[in-house]
Amino acid sequence: MGEFLDSFVSVFYPKRCPCCGEVQRVYEPCERRREALDAVRIKGTSCLKCGESVTDCHCRGFNPLYSGVIAPFKREGAAKGGIYALKFHAQFYPSEYFGIEMAKEFKRRCPDVKVDVICRVPMTKRERDNKLCDQVAHLAKYAVRTLKVPYDAKLIRKIRETERQHKVDFKDKAANVKDAFRVKKDLKGKTVLLLDDIKTTGYTLNECAKQLRLQGAKEVFCLTALVTAFNSCKEDEDNI
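Residues numbered from 1 in each chain as written. Predicted model: local features only at pLDDT ≥ 70, side-chain atom pairs only at ≥ 80, totals over all residues. Heavy atoms only, no water.

> Can you help me understand unusual backbone geometry in this one?
Excluding glycine, residues mostly carry a negative phi; peptide bonds, for their part, are mostly trans. Despite not being glycine, Lys148 shows a phi value in the positive range, around 55°. Summarising the element assignment, Lys148 is placed in the loop between helix 6 (135-147) and strand 4 (157-158). We note that Asp179 has phi near 60°; this positive angle belongs to a residue other than glycine. Looking at where Asp179 falls in the secondary structure, it is placed in the loop between helix 7 (173-177) and strand 5 (181-182). (Helix = DSSP H or I, 4+ residues; strand = E, 2+ residues; numbered from the N terminus.)

Written as structure tokens, this is what we have:
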């Protein structure tokens, strides 16, 4: 029965390449996209403040309240195309591959970190209603399943509307998200893993980390699918 159901579902929701959408047997990059993904994968030692490789680090004195940010890919090329298909066009096929890659990257870079609870950057009800999909929730589904850690989707609440960060001047980005989030649960002594899709300036992650730390979290690590390279913070308007 299980095999029949899988076959039936695959007719309407076939497995696709997470970057270009080409139909195939597994949720893995197609042959043409494997090399393109490898070109934007973050290799070697990475900086835990900005998430980039140490050779591309652009922290410039930024001292975040989170303990580290980890991501498997730069926000470029094939990886960017896959996440944008999910984020802006509600194409769900990239979710499984990128969610699993996020989890694998965290295990690789932070093998000794014992996470007590996973949460994600939230949206307000209005934001959810105005979006085609909650892309972070879809990524979280597969990241959590791979990491096998308790997940609390409501641990952080967003309590006020904010402008979309890419539309805000750089000098105003921190103020745009200041006090926009709340955490009510006691997290004393716990290590929290915070999920998001793309890390750009880090201000949203930092504000969420602040609220988690105020409730007693010992450490907050951030895990995203992509990190934005220095001097490329502006979103591509054609893709939004």
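Having seen the structure, we can now continue with the description.
> Where do I start with the packing of aromatic side chains in this structure?
Here the distance between the centres and the angle between the planes together describe a pair of aromatic rings. All told, the structure shown has four aromatic pairs when counted by the stated rule. Relative to Phe98, the ring of Phe73 lies with its centre 5.7 Å away and its plane at 75°, an arrangement referred to as edge-to-face. Taken together, the residues Phe73 in strand 2 (residues 73-74) and Phe98 in helix 4 (residues 94-109) connect sequence positions 25 residues apart. What makes Phe98 buried here is its relative accessible area of 0%. Taken together, a centroid distance of 5.0 Å and an interplanar angle of 90° make the contact between Tyr84 and Phe88 edge-to-face. Taken as a pair, Tyr84 and Phe88 lie in helix 3 (residues 77-89) at a separation of four residues, close to a single helical turn. According to the relative accessible area criterion, Tyr84 is buried, its value standing at 3%. For Phe88, a relative accessible area of 11% translates into the label buried. Taken together through their ring pairs, the aromatic side chains of Phe73, Tyr97 and Phe98 make up a single cluster. (Phe/Tyr/Trp six-rings, centres within 6.5 Å; stacked < 30°, edge-to-face > 60°. Buried < 20%, exposed > 50% of the residue type's maximum accessible area, 1.4 Å probe, protein only.)

> What am I meant to see in the packing of helix 3 against helix 6 here?
Any two packed helices are characterised by the angle at which their axes cross and by the distance between the axes. It is at 8 Å that the axes of helix 3 and helix 6 come closest, and there the two elements cross at 125°. By the criterion of interaxial angle, the relationship of helix 3 to helix 6 is oblique. On the side of helix 3, the interface is formed by Ile83, Leu86 and Lys87, while helix 6 contributes Gln135, His138 and Leu139. Looking at the contact of helix 3 with helix 6, its residues break down into three nonpolar, two polar and one charged. (Axes fitted to C-alpha atoms, helices over the stretch in contact; angles between N-to-C directions. Parallel < 35°, antiparallel > 145°, perpendicular 65-115°, else oblique. Contact = heavy atoms within 4.5 Å. Nonpolar A, V, L, I, M, F, W, Y, C, P; charged D, E, K, R; others polar.)

> What is the right way to look at the confidence of the model for the protein chain in this model?
Averaged over all residues, the pLDDT of the protein chain is 87; the fraction at 70 or higher stands at 89%. Note that residues 1-12 has pLDDT below 50 and, in this model, zero contacts with residues that lie over four places away or in other chains. (pLDDT = per-residue confidence, 0-100.)

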